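# Geometric and topological summary
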Amino acid sequence: SATVGARVIKGSYDIESTSISYRKFSDETYKEAESDVGTDASGNVATSAILKDLENGTNYVYKITAVSKAGEVLEYIGYFKTLSDDEAGITVSGTAKYKDNRDGYITVGLFSGNSCIRAVEVDTSVGNTFSFYNVPDGCYDAIATDGVYANNRRVVISQGRIVFPENGSIDLELSGKNTSV
């Protein structure tokens, strides 16, 4: 299984509905996931779903859709790959935090091209470290976001060790100013 979530920021109109669906990259038809939805006092919506019946070592596409009371439709499409049974590699660790040290939730994803191959949520009220396990050699982007702000860091693994960044430190800080992703 995999968990997908999003925070949808209210615009001029209240958000009427959200949905999360997914499919194998090679398929045409999406499968609707049962999602949990919550709305804060400002009308922003948080939604998440556990995607079930996934096959190992398979690329997937997920779609998060939000519809406002005015009928505006917003869709976000993302990609991920499930682990293979025989996938081996190293542990990649780092930190994700706010520059002003406030508490919040930051999602950190490890991307290979457009596909998220690992993701974890960091609750900064508890700590700011994250780890990805069994990451094979390759070039990746570690991207941290809270749904509003984002920061990214290039990561290169060769011969079972992190060669970039050279010090092996993957520190992602959200400062209130976006960096290009």
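Bear in mind the structure is a predicted one, so any value in this text is a computation, not a measurement. (Residues numbered from 1 in each chain as written. Predicted model: local features only at pLDDT ≥ 70, side-chain atom pairs only at ≥ 80, totals over all residues. Heavy atoms only, no water.)

### With respect to the overall build of the protein chain
Put simply, the test is: Counting from the N terminus, the helices are DSSP H or I runs at least four residues long and the strands are E runs at least two residues long. Just to be clear, the radius of gyration here is over C-alpha atoms, and the globule rule we use is 2.2 Å times residues to the power 0.38. Only heavy atoms enter the contact rule, under which two residues are in contact if any of them lie within 4.5 Å. Only the protein chains shown count as cover for residues, with accessible areas throughout obtained via the Shrake-Rupley method and a probe of 1.4 Å.
Broken down by element type, the protein chain carries zero helices and 15 strands. Compactness check: the protein chain gives a C-alpha radius of gyration of 17 Å against a globular reference of 16 Å for 181 residues, within 12% of the reference. With respect to the principal axes defined by its C-alpha atoms, the protein chain has extents near 55 × 45 × 25 Å. Intrachain contacts of the protein chain at a sequence separation of at least 6 include 57% that bridge at least 24 residues. Of the accessible surface of the protein chain, which amounts to about 10,600 Å², a share of 44% is contributed by carbon and sulfur atoms.

### Observations concerning the nonpolar core
Applied cut-off: What we call a nonpolar core is a set of buried Ala, Val, Leu, Ile, Met, Phe, Trp, Tyr and Cys residues that are connected through their side-chain atoms within 4.5 Å. A 1.4 Å probe rolled over the protein chains alone gives each residue an accessible area, and that area as a share of the maximum for its type sets the label: buried under 20%, exposed over 50%, partly exposed in between.
In this structure, Val 108, Phe 130, Ile 157 and Ile 170 are the most contacted members of the largest nonpolar core, which totals 21 residues. Only β8 (90-98), β9 (105-112), β10 (115-123), β11 (129-135), β12 (138-145), β13 (150-158) and β15 (170-174) provide two or more residues apiece to this core. If you tally residues by element for this core, the top one is β8, at four residues. Excluding its chain neighbours within four sequence positions, the residues that come into contact with Phe 130 are Val 92, Ser 93, Gly 94, Thr 95, Ala 96, Val 108, Val 120, Val 122, Ile 170 and Leu 172. In terms of nonpolar packing, the next biggest core, distinct from the first, is built from 15 residues, Val 4, Leu 51, Leu 54 and Phe 80 among them.

### A look at the side chain of Arg 23
Quick reminder of the rule: The charge count includes Lys and Arg as positive and Asp and Glu as negative, but it does not include His or the ends of the chains. We define a salt bridge as a contact between a side-chain nitrogen of Lys or Arg and a carboxyl oxygen of Asp or Glu at a distance within 4 Å. Here a polar contact is taken to be a pair of N or O atoms separated by no more than 3.5 Å, where protein atoms must pair a possible hydrogen donor with a possible acceptor and residues adjacent in sequence count only if both atoms sit in side chains.
Counting through the fold element by element, Arg 23 comes out in strand β2 (residues 15-24). At 5.9 Å, Glu 28 is the nearest oppositely charged side chain to Arg 23, a buried residue that forms no salt bridge. A polar contact of 3.0 Å, which involves the side chain of Arg 23, links it to the backbone oxygen of Phe 25.

### Comments concerning the pattern of salt bridges
Considering all chains together, one arrives at six salt bridges under this definition. When the shortest N-O distance is used, the salt bridge between Glu 55 and Lys 24 registers 2.7 Å. Remark: Lys 24 occurs in strand β2 and Glu 55 occurs in the loop between β5 (45-51) and β6 (59-68); sequence separation between them is 31 residues. Notably, a salt bridge pairs Asp 100 with Arg 102, separated by 3.0 Å at the nearest N-O pair.

### Some thoughts on the layout of surface pockets
Rule in force here: Detection works on a 1 Å grid of protein atoms alone, calling trapped sets that fit a 1.4 Å probe cavities and calling open sets with protein on both sides within 12 Å along at least five of seven lines pockets, with lining residues defined by an atom within 4 Å of a point. Grid points are joined across faces, edges and corners, and a volume is the space filled by probe spheres set on the points. Each residue gets one label: Ala, Val, Leu, Ile, Met, Phe, Trp, Tyr, Cys and Pro are nonpolar, Asp, Glu, Lys and Arg are charged, and the others, such as Gly, are polar.
Of the volumes computed, that of the second largest pocket is approximately 200 Å³. In this structure, the second largest pocket is lined by Tyr 22, Lys 31, Glu 32, Ala 33, Glu 34, Ser 35, Asp 36, Ser 48, Ala 49, Ile 50 and Lys 52. Counting only elements with at least two residues in the lining of the second largest pocket, the list comes to β3 (31-33), β4 (35-39) and β5. A per-class count over the lining of the second largest pocket returns four nonpolar, two polar and five charged.

### Topic: the sheet that holds strand β1 (residues 2-8)
As a reminder of what qualifies: The pairing criterion for strands is at least two bridges between them, as found by DSSP. For every element, the axis is a line fit to its C-alpha atoms; helices are fit only across the contacting stretch, and the angle between N-to-C directions ranges from 0 to 180 degrees.
Ordered by their spatial adjacency, three strands build an open sheet running β1-β5-β4, and the pairing between neighbours is antiparallel. Strands at the two margins of the open sheet, each flanked by one partner only, are β1 and β4. Averaged over all neighbouring strand pairs, the angle between strand axes comes to 10 degrees, with direction disregarded. Direction of pairing for β4 relative to β5: antiparallel, over a ladder of five bridges.

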